[in-house]
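An overview of the molecular structure
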Amino acid sequence: HPNNRGRRSSPESLRHMHPSVVRQIHASRIFHAIRPNPNASQREIAELAETDKSTVSAILKDFEALGLIERATKVRGTRRGRPGERISISAKGAC
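Here is a short report on the structure shown in this document. Treat the numbers as computed from the prediction; the structure is a model and nothing was measured. (Residues numbered from 1 in each chain as written. Predicted model: local features only at pLDDT ≥ 70, side-chain atom pairs only at ≥ 80, totals over all residues. Heavy atoms only, no water.)

**A few points about the pattern of salt bridges**
In total, this model carries 5 salt bridges according to the counting rule given. Between Arg-86 and Glu-44 there is a salt bridge; the shortest N-O distance is 2.9 Å. Taken together, the positions of Arg-86 in strand S2 (residues 85-89) and Glu-44 in helix H3 (residues 42-49) put the pair 42 residues apart, joining distant regions of the chain. A relative accessible area of 28% means that Glu-44 is categorised as partly exposed. Here Glu-64 ties to Arg-71 by a salt bridge, and the two come within 2.9 Å at their closest N and O atoms. Under the relative-accessibility criterion, Arg-71 is labelled partly exposed at 22%. (Salt bridge = Lys/Arg side-chain N within 4 Å of Asp/Glu carboxyl O. Helix = DSSP H or I, 4+ residues; strand = E, 2+ residues; numbered from the N terminus. Buried < 20%, exposed > 50% of the residue type's maximum accessible area, 1.4 Å probe, protein only.)

Below you can see the structure in the form of structure tokens.
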């Protein structure tokens, strides 16, 4: 609908949609969160896309299988644990 351009679907309105439509909305939000924020972490992408981390993880796996994103390991700092990954749109995804 032309009057809804640029508006986000509210969580309440998403509950009444078919799951495949909801997934497409989340995938679009995630892709468009990565584009202007190259080298974002999954946590940052979840915050930017206003989507939970498990949804971001699943959709990023799909994007990676399609060759739309690239993952780079962040240089380990002084923090403990696994080094984070940085996600960017690949050349294929930018087309």
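Alright, that's what it looks like, and here's the rest.
**Focus on helix H4 (residues 53-65)**
With 13 residues, H4 extends 18 Å from end C-alpha to end C-alpha; this agrees with the ideal 18 Å at 1.5 Å per step. Buried within H4 we find Thr-55, Val-56, Ile-59, Leu-60 and Phe-63. What you see down the axis of H4 is that its buried residues fit within an arc of 125°, all on one side. Opposite the buried face of H4, at more than 90 degrees from it, the exposed residues are Ser-54, Lys-61 and Ala-65. Turning to H4, the residues buried within the fold contact helix H2 (19-34), H3, strand S1 (69-73) and S2. Positive backbone phi, at 80°, marks Gly-67, one or two positions downstream of H4. (Expected span 1.5 Å × (residues − 1). Arc of directions from axis to C-beta. Contact = heavy atoms within 4.5 Å.)

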